Amino acid sequence: MSKQFAVIGNPIEQSRSPELHHAFAAKTGIDLRYSKRLAPLDGFEASVQDFFAHGGSGMNVTVPFKEQAFAQCQVLTERAKIAKAVNTLWMQDGILHGDNTDGQGLVDAIHALGWSLTQSRILILGAGGATRGVIYPLVQAGAKHIVIANRTLSRAEQLVTDLQQHVPQAELSATALTTLTGEFDLVINATSASLSGETLILPEQLIFHHAYEMAYGKPSSFLDQAKARGIPSSEGFGMLVGQAIEAFSIWNGVKPELKDFL
Ligand code: ATR
């Protein structure tokens with residue numbers, strides 16, 4: 001029988017994970033079936049238990065359950081502990097394991113674009129879960145200075161306080177979105193502004209050389225401004241594929257090439 005995988009969330013209809021994992025399986029010759037699971041908002045834990053009790057091999061977790069998944073796991077990878085969120089689950093010897101592959105997905109997507117992170121200076125817009133999940137992998141990939149800019153400054157400051165201890169080799173700092181200035185190799189939009197159709201205005205004095213929007217398939221005022229300046233830019237489809245590839249490789253021991261699926 002083929003190995004069973006699923007992505008769990010609420011809502012779940014929009015998820016592209018099944019098509020991605022079936023494409024990786026076809027490329028690597030692995031026999032699997034990957035489905036979507038809608039969990040009731042108060043029924044995540046029971047749904048996960050049911051899936052693994054019926055022989056499931058691995059699950060991806062999406063909105064709004066990543067923090068609950070983190071709380072439910074008995075064993076966590078270092079990057080999941082730092083992210084405080086889990087998007088990849090598997091059972092080993094009856095024990096629920098969790099990882100977070102979002103940050104490595106972003107790093108792999110940036111590398112696939114041919115952009116270097118070595119010794120880089122990065123500005124991240126937003127201080128929510130999306131930002132928390134990518135700091136440690138970005139530093140592991142070579143980022144040296146990361147400024148977190150947020151509409152609510154105190155949230156960015158809190159994130160810096162929480163995360164600096166985990167990345168002593170890099171320098172983290174916080175700023176308000178309204179006082180953005182300086183020069184950066186890369187700006188990453190990790191706010192939910194594009195997802196909710198809102199506009200982000202980048203000040204003229206902000207200088208940057210690459211722009212990555214974590215959202216995809218949505219109009220993005222952030223990307224529009226980067227393009228108007230002629231700056232190389234990308235939306236977040238590569239990150240989506242990258243996090244899926246990383247999960248696939250944890251479960252199946254084979255890592256497909258990201259560039260084959262962009
Ligand atoms: P996620 O888990 O996707 O990061 P989140 O925790 O709700 O979601 O965080 C959303 C982020 O987008 C926050 O940093 C939020 O800023 P605030 O902390 O000030 O709320 C940011 N954000 C959302 N809409 C925004 C907008 N229109 N302009 C600027 N920042 C915005």
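Looking up the protein in an unreviewed UniProt entry gives the name Shikimate dehydrogenase (NADP(+)), with the organism given as Acinetobacter tandoii DSM 14970 = CIP 107469. Taken directly from UniProt, the Catalytic activity (unreviewed entry) text for the protein runs: "shikimate + NADP(+) = 3-dehydroshikimate + NADPH + H(+)". Its UniProt record gives the protein the following Subunit (unreviewed entry) comment, quoted word for word: "Homodimer."

Student: What exactly am I supposed to notice about the packing of helix 5 (residues 102-112) against helix 6 (residues 129-140) here?
Tutor: Packed helices, taken two at a time, are described by the angle between their axes plus the distance between the axes. Running from N to C, helix 5 and helix 6 cross one another at 55 degrees; their axes reach a closest spacing of 7 Å. Between helix 5 and helix 6, the crossing angle belongs to the class labelled oblique. Crossing geometry of helix 5 relative to helix 6 is assigned as right-handed. Seen from helix 5, the contacting residues are G103, Q104, L106, V107 and I110; seen from helix 6, they are G133, V134, P137 and L138. Residue classes in the contact of helix 5 with helix 6 are distributed as six nonpolar, three polar and no charged.

Student: Just to check I follow, could you spell out the sheet that holds strand 11 (residues 186-189) for this structure?
Tutor: Strands in a sheet are paired, the pairing made by backbone hydrogen bonds, and the direction either parallel or antiparallel. One open sheet holds the six strands; their spatial order is 9-8-7-11-13-14, and the pairing between them is parallel. Both edges of this open sheet fall to strand 9 (171-176) and strand 14 (233-234), since each of them pairs with a single strand only. Judged from the six bridges that link them, strand 8 (residues 145-150) and strand 9 form a sheet pairing that is parallel. Bridging across to strand 9, I146 finds its partner in L172. Sitting on the sheet, helix 6 touches strand 7 (121-125), strand 8, strand 9 and strand 11, and the angle it makes with strand 7 is about 170 degrees.

Student: Explanation requested: the domain arrangement of the protein in the structure shown.
Tutor: Frequently, the measure chosen for interface size is the accessible area removed from exposure when the parts meet. One can read the domain layout of the protein as domain 1 (3-100) and domain 2 (103-238). A C-alpha centroid distance of 26 Å is found between domain 1 and domain 2. Residue-level contacts link eight residues of domain 1 with nine residues of domain 2. Together, the buried faces of domain 1 and domain 2 total about 800 Å²; carbon and sulfur atoms form 62% of this surface. It is R16, R79 and I82 in domain 1 that bury the most area against domain 2; as a group they hold 59% of the surface buried on that side.

Student: Would you mind going over the pairing of strand 2 (residues 32-38) with me for this structure?
Tutor: A regular strand places its side chains so that they alternate between the two faces of the sheet. Across seven bridges, the pairing between strand 1 (residues 3-9) and strand 2 is parallel. Of the residues in strand 2, the one forming a bridge with I8 is R37. Traced from strand 1 through helix 1 (residues 17-28) to strand 2, the parallel crossover comes out right-handed.

Student: Quick question: what am I supposed to make of the UniProt feature "domain: SDH C-terminal" (unreviewed entry) in the protein here?
Tutor: Per the UniProt record, "domain: SDH C-terminal" (unreviewed entry) is found at residues 236-258. In this annotation, residues 236-258 is assigned 70% helix and 0% strand; the end-to-end C-alpha distance for the span is 13 Å.

Cut-offs applied
- Along each chain, numbering runs from 1 in the same order as the chain's sequence is written.
- Whole-chain, interface and lining totals are the exception, using all residues; otherwise, since this is a predicted model, local features are given only for residues with pLDDT of at least 70 and side-chain atom pairs are given and counted only at 80 or more.
- Working from all heavy atoms in the structure, the side-chain values ignore hydrogens and water.
- UniProt positions are given in the numbering used here, feature names are shortened, and annotations may be inferred rather than shown by experiment.
- To obtain an axis, a line is fitted to C-alpha atoms, over the contacting stretch when the element is a helix, and the angle between two such axes runs from 0 to 180 degrees between their N-to-C directions.
- A run of H or I in DSSP becomes a helix once it reaches four residues, and a run of E becomes a strand once it reaches two; helices and strands are each numbered from the N terminus.
- Any angle between 65 and 115 degrees counts as roughly perpendicular, while under 35 counts as roughly parallel, over 145 as roughly antiparallel, and the rest as oblique.
- In this scheme the handedness of a crossing depends on how the near helix is turned from the far one: anticlockwise by less than a right angle means left-handed, clockwise means right-handed.
- Contacts: residue pairs with any heavy atoms within 4.5 Å of one another.
- As a working rule, the residues Ala, Val, Leu, Ile, Met, Phe, Trp, Tyr, Cys and Pro are called nonpolar, Asp, Glu, Lys and Arg charged, and the rest polar, with Gly in that last group.
- Each pair of strands is called paired provided DSSP finds at least two bridges between the two strands.
- Domain start and stop positions are those given by an automatic or database domain assignment.
- Buried area is understood as the total, over both parts, of accessible area removed when two parts are fitted together, assessed with a 1.4 Å probe.
- When the strands point away from the viewer, a crossover counts as right-handed if the route from the first strand across the helix to the second turns clockwise.

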